[in-house]
Amino acid sequence: MLFALLLGAALGFVPLDWPWVVMMMFVALAAKAILDILFEKMLLIDRPSPFQIYCHNLEMQGETAAFAWLSYAMQLVAFGMLFGGAAFALVRYLR
C-alpha cells in the first residue's frame, strides 16, 4: 500500500483533472498486481513478491490458494485506490 500512497501523493502535484488521475492510478495498480502475480521474486531486490507471501499466509491458515491471484489483485486495486485517492485528495487540499 506504500506504492499506492506514494503514487497518490505524487499525482496530487500533477495538474490533471481527477478522472485522469483515477484512471492513471487504476492502470498503475493493475500493472503492479500483474507483475506481483507473474514474478516470484521482486524485480530489483531478491525477496519474495507480496503475492507469494499472501499465498503462504493463506496456506498457513489452511485455506486453498486456487483463486488467490484474483483475490490479491482485487484487494490491491480496491484498497490501493482508496489509499491513493486519499493521499491525492490530501495533497490537493494542502497544495
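Structural data are supplied above this passage.
Note on numbering: residues in each chain are counted from 1, in written sequence order. In keeping with the model being predicted, local features are shown solely for residues with a pLDDT of at least 70 and side-chain atom pairs are shown and tallied solely at 80 or more, while totals for entire chains, interfaces and linings include all residues. Derived side-chain values reflect all non-hydrogen atoms in the structure, with water molecules and hydrogen atoms excluded from consideration.

Q: What should I look at first to understand the nonpolar core in this one?
A: Here, nonpolar core refers to any group of buried Ala, Val, Leu, Ile, Met, Phe, Trp, Tyr and Cys residues whose side-chain atoms link them within 4.5 Å. Residue burial is assigned from relative accessible area. The probe radius is 1.4 Å, only protein chains are included, and a residue is buried under 20% of its type maximum, exposed over 50%, and partly exposed in between. Listed in full, the 7 residues of the largest apolar core are A33, F51, C55, L58, A68, Y72 and L76. Under the DSSP-based scheme used, a helix requires at least four consecutive residues in state H or I and a strand at least two consecutive residues in state E, with every element numbered from the N terminus. Among the elements of the structure, α3 (50-60) and α4 (68-94) are those that each provide at least two residues to this core. Between two residues, a contact is recorded if the distance between any of their heavy atoms is within 4.5 Å. With residues up to four places along the chain from it excluded, the contact list for A68 reads F51, Y54, C55 and L58.

Q: Looking at this model, I keep getting lost on the packing of aromatic side chains. Mind explaining?
A: Aromatic ring pairs are reported here in terms of the distance separating the ring centres and the angle at which the planes meet. Between 30 and 60 degrees the pair is tilted, below 30 it is stacked and above 60 it is edge-to-face, where a pair is any two Phe, Tyr or Trp rings, Trp via its six-membered ring, whose centres lie within 6.5 Å. As enumerated under the stated definition, the model contains 2 aromatic pairs in all. Consider the rings of Y54 and Y72, whose centres lie 5.7 Å apart with planes at 50°: the pair is tilted. Of this pair, Y54 sits in helix α3 while Y72 sits in helix α4, placing them 18 residues apart in sequence. According to the relative accessible area criterion, Y72 is buried, its value standing at 10%. Taken together, the ring pairs in this structure connect F51, Y54 and Y72 into an aromatic cluster.

Q: I tried to follow α3 on my own but got confused; where do I start?
A: Each turn of an α-helix holds 3.6 residues, which means side chains three or four residues apart point in the same direction. Of all the residues in α3, the buried ones are F51, C55 and L58. End-on, the buried residues of α3 take up no more than an arc of 60°, which puts them together on one face. In this structure, the buried residues of α3 make contact with α2 (18-38) and α4. At the C-terminal side of α3, G62 shows a positive phi close to 85°. This arc is built from the directions going out from the helix axis to the C-beta atoms.

Q: Explain the packing of helix α1 (residues 2-12) against α4 to me, please; I cannot follow it from the model alone.
A: When two helices pack together, their arrangement is given by the angle between the helix axes and the distance between those axes. Interaxial angle, 0 to 180 degrees, is taken between N-to-C directions of lines fitted to C-alpha atoms, where a helix line uses only the stretch in contact. At a minimum axis separation of 7 Å, α1 and α4 run at an interaxial angle of 35°. Where α1 crosses over α4, the two elements pack in a sense that is right-handed. In contact with A4, L5, G8, A9, L11 and G12 of α1, α4 contributes G80, F83, G84, A87, F88, V91 and R92. Amino acids outside the nonpolar list (Ala, Val, Leu, Ile, Met, Phe, Trp, Tyr, Cys, Pro) and the charged list (Asp, Glu, Lys, Arg) are all regarded as polar, and Gly is one of them. Among the residues forming the contact of α1 with α4, the class breakdown is 8 nonpolar, 4 polar and 1 charged. Helix crossings are classified by the rotation of the near helix relative to the far one: an anticlockwise turn of less than a right angle makes the crossing left-handed, while a clockwise turn makes it right-handed.

Q: Help me understand the environment of F67 in this model?
A: Positionally, F67 belongs in the loop between α3 and α4. Under the relative-accessibility criterion, F67 is labelled exposed at 62%.

Q: Quick question: what am I supposed to make of α2 here?
A: Multiplying 1.5 Å by the residue count of a helix minus one yields the expected span of that helix. Across its 21 residues, α2 extends 30 Å between first and last C-alpha, which sits within 8% of the 30 Å expected from 1.5 Å per residue. Considered for burial, the residues of α2 that qualify are V21, M25, L29, A33 and D36. The buried side chains of α2 occupy one side of the element, clustering within an arc of 105° when seen end-on. In this structure, α2 carries W20, V27 and L38 as exposed residues pointing more than 90 degrees from its buried face. If you follow the buried residues of α2, they end up packed against α1, α3 and α4.

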